[in-house]
Amino acid sequence: KDPATYPDGKYILTASYVDKGADGAEQLRNQEVKILRSPTLSAAVADELEDASKFTVTPDLMPGLEENFDIVILNGGARVVYKDIDLTGVRAIELAYNVASPYMAGGDLSVSIDDDANVLGGGEMVEAKQEGQFMTIRVETGKMAGKHNLILKADGAMIRPVGALVSLTFIPDAQEAI
C-alpha cells in the first residue's frame, strides 16, 4: 500500500530461516521481527498516564474537523510515559500541544529519558496563548541509541489543565523539521 495514504501506519517485517538439518543434527531455526512506525505518534498512544487523561476531539467540538482525533489532557503534576521508543538516529523530539485560553492554565513541561531526573534540555514554560492555537516545543535528544522510556511531566496550576498534548514527532539526524 502507498505509505502516503497511510501516514500513521506501521510496517511489521518478519524474516525467518529453517534449514533441512543433517544426519544426527537438528534443524537450525531463526526468526526476527522488526516494526517500523511513523515518525509521528498520537499523544494518546501513551503507555502510562498519571494525572492526565485521553480525550477524543470530534467534529461537533471543533467545526470544520473532518474526523475524530485523540489528545492527552495534562493536569498539573501529570506524568505521561511512552515505553521502548527507539531513539537511534533521532536528533530531536517535537511535541505539538494546545494551551487554549480559557481552558488551559499553562505551566512547565519537561521531557526525561528513562528516569524522571534525566531531563532533556531543561523544563520549558508552556504559556497559555490565544484559543485554538497549536504550538510546538522542540527538545534535542543528543546522541542516543537504542530503546528508551520517554517521560513527559507537566507542572502547573491544579485549577485548570496545563495543556493538551496532540502528538510527538521524532526528527532524524539527517533531516530538519518541516
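Bear in mind that the values here come from a model prediction, so they are computed numbers and not experimental data.

### Quick notes on the overall build of the chain
Move 1: Tallying secondary structure elements over the chain gives zero helices and 11 strands in all.
Move 2: Secondary structure elements of the chain occur, N-terminal to C-terminal, as β-β-β-β-β-β-β-β-β-β-β.
Move 3: A buried classification covers 34% of the 178 residues belonging to the chain.
Move 4: Contacts in the chain between residues far apart in sequence, at least 24 positions, make up 73% of those at least 6 positions apart.
Move 5: Accessible surface computed for the chain: about 11,100 Å², of which carbon and sulfur atoms make up 51%.

### A word on unusual backbone geometry
Move 1: Positive phi values are uncommon outside glycine, yet D51 reaches one of about 55 degrees.
Move 2: Looking at where D51 falls in the secondary structure, it is placed in strand β4 (residues 48-57).
Move 3: One non-glycine residue, D84, adopts positive backbone phi at about 55 degrees.
Move 4: Mapped onto the fold, D84 is located in strand β5 (residues 69-86).

### Thoughts on the pairing of strand β10 (residues 147-156)
Move 1: Here six bridges tie β5 to β10, and the two strands are oriented antiparallel to one another. Bridge pairing in β10 places V81 opposite I151.
Move 2: Alignment of strand β7 (residues 107-113) against β10, held across seven bridges, turns out to be antiparallel. Opposite G107, over in β10, you have G156 as the bridge partner.

### Focus on the environment of G107
Move 1: Note on placement: G107 falls in strand β7.
Move 2: Accessibility expressed as a relative area gives 5% for G107, which makes it buried.
Move 3: Each C-alpha atom of the pair G107 and V162 lies 5.5 Å from the other, and the pair is 55 residues apart in sequence.

### Describing the side chain of H148
Move 1: Its place among the elements puts H148 in strand β10.
Move 2: Polar contacts involving the side chain of H148 include one to the side chain of D114, which spans 2.6 Å.
Move 3: Once you skip the residues sitting within four places of it in the chain, H148 turns out to touch Y82, K83, D84, I85, L87, I113 and D114.

Definitions and cut-offs
Residues numbered from 1 in each chain as written. Predicted model: local features only at pLDDT ≥ 70, side-chain atom pairs only at ≥ 80, totals over all residues. Heavy atoms only, no water. Helix = DSSP H or I, 4+ residues; strand = E, 2+ residues; numbered from the N terminus. Buried < 20%, exposed > 50% of the residue type's maximum accessible area, 1.4 Å probe, protein only. Contact = heavy atoms within 4.5 Å. Areas by Shrake-Rupley, 256 points an atom, 1.4 Å probe, with all protein chains shown as cover. Pairing = 2+ DSSP bridges. Polar contact = N/O pair within 3.5 Å; in protein donor to acceptor, adjacent residues only side chain to side chain.

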